[in-house]
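# Working through the structure, step by step
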Amino acid sequence: MRETLVLNASFEPLSAVSLRRAVVLVLQNKAVIEHAHPGLRVRAADVDLPVPLVIRLCRYVRVPFRRRAPWSRRGVLVRDRHRCAYCGRRATTVDHVVPRSHGGGDTWLNTVASCAEDNHRKADRTPEQAGMRLLSTPFEPTPSDALLLAVGMAEREGLPEWLALPA
């Protein structure tokens, strides 16, 4: 299902909602479309709207301050764009740089996306012990960067420059 990014009235990313929810928010005049999918429209008897990619709420919503993005396996795969950190092929699993049996935890800086073959080859060792090299260093995304990555907004084409992530 298509995801739509919801911005607060102050243009800060809040969440991602389904296309249906985004259209309802726009029709109820609770949000405006900031960026639409080119060429696609939502049509009904009395409605003709462009398909929203990004909507902005009309009223400011106060949200609790989030210092860190919550860790998740899906988040690691999205952060690494489903590419193996060891060989660059399509990643389907998450690998712990320092294995959990050696005291490594489920953190942004200790986990990378990995293909099943490299994850099995590395096994219960560190990359140095296994003779493997990381192609990219793991990093901790900010909460708003994690949200933009999750919605697939990291690709710069077709997005306004104020919304795209820095390269």
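All of these numbers come straight from a predicted model, not from anything done at the bench.

## Thoughts on the overall build of the protein
- Scanning the protein from terminus to terminus reveals five helices and six strands.
- Reading the helices (α) and strands (β) of the protein from amino to carboxyl end gives β-β-α-β-β-α-β-β-α-α-α.
- Burial analysis of the protein (167 residues in total) assigns 38% to the buried set.
- Put simply, of all contacts in the protein between residues at least 6 apart along the chain, 58% involve residues at least 24 apart.

## Details of the nonpolar core
- Membership of the largest hydrophobic core is limited to ten residues, which are Val6, Val17, Ala22, Val23, Leu25, Val26, Ala31, Leu49, Ile55 and Leu57.
- Listing elements by their share of this core, those giving two or more residues are helix 1 (19-27) and strand 4 (48-57).
- A per-element tally of this core places helix 1 first, with four residues.
- Membership of the second largest hydrophobic core comes to eight residues, among which are Cys84, Ala85, Val112 and Met132.

## Points about the layout of surface pockets
- If you add up the space inside the largest pocket, you get close to 620 Å³.
- Residue lining of the largest pocket: 27 residues in total, with Leu14, Arg66, Pro143, Ser144 and Leu147 positioned closest to the centre.
- Contributions of two or more residues to the lining of the largest pocket are made by strand 2 (13-18), helix 2 (73-79) and helix 5 (143-150).
- The dominant element in the lining of the largest pocket, judged by the number of residues it contributes, is helix 5, at six residues.

## So, the environment of threonine 93
- Tracing the chain through its elements places threonine 93 in strand 5 (residues 93-96).
- For the pair formed by threonine 93 and leucine 77, sequence separation is 16 residues and the distance between their alpha carbons is 7.7 Å.
- Among residues more than four places away in sequence, those in contact with threonine 93 are Leu77, Val112, Ala113, Ser114, Cys115, Ala116 and Asn119.

## Some remarks on the environment of arginine 59
- With respect to the helices and strands, the residue arginine 59 is situated in the loop between strand 4 and helix 2.
- With 50 residues separating them along the chain, arginine 59 and alanine 9 place their C-alpha atoms 5.6 Å apart.
- Not counting residues up to four positions away in its chain, the partners in contact with arginine 59 are Asn8 and Ala9.

## Focus on the confidence of the model for the protein
- When pLDDT is averaged along the protein, the result is 86, and 88% of the positions lie at 70 or above.
- Per-element averaging of pLDDT across the protein places helix 5 at the bottom with 72 and strand 6 (residues 111-114) at the top with 96.

## Focus on the state of the cysteines
- Under the criterion given, the structure shown has zero disulfides.
- Looking at cysteine 84, it has no disulfide partner, and the nearest cysteine sulfur is the one in cysteine 87, 3.7 Å off.
- Cysteine 84 gets classed as buried once you look at its relative accessible area, which sits at 3%.

Parameters and conventions
- Residues numbered from 1 in each chain as written.
- Predicted model: local features only at pLDDT ≥ 70, side-chain atom pairs only at ≥ 80, totals over all residues.
- Heavy atoms only, no water.
- Helix = DSSP H or I, 4+ residues; strand = E, 2+ residues; numbered from the N terminus.
- Buried < 20%, exposed > 50% of the residue type's maximum accessible area, 1.4 Å probe, protein only.
- Contact = heavy atoms within 4.5 Å.
- Core = buried A, V, L, I, M, F, W, Y, C linked by side-chain atoms within 4.5 Å.
- 1 Å grid on protein atoms, 1.4 Å probe; cavity = no way out; pocket = protein on both sides within 12 Å on 5 of 7 lines; lining within 4 Å.
- Points joined across faces, edges and corners; volume = space filled by probe spheres on them.
- pLDDT = per-residue confidence, 0-100.
- Disulfide = S-S within 2.5 Å.

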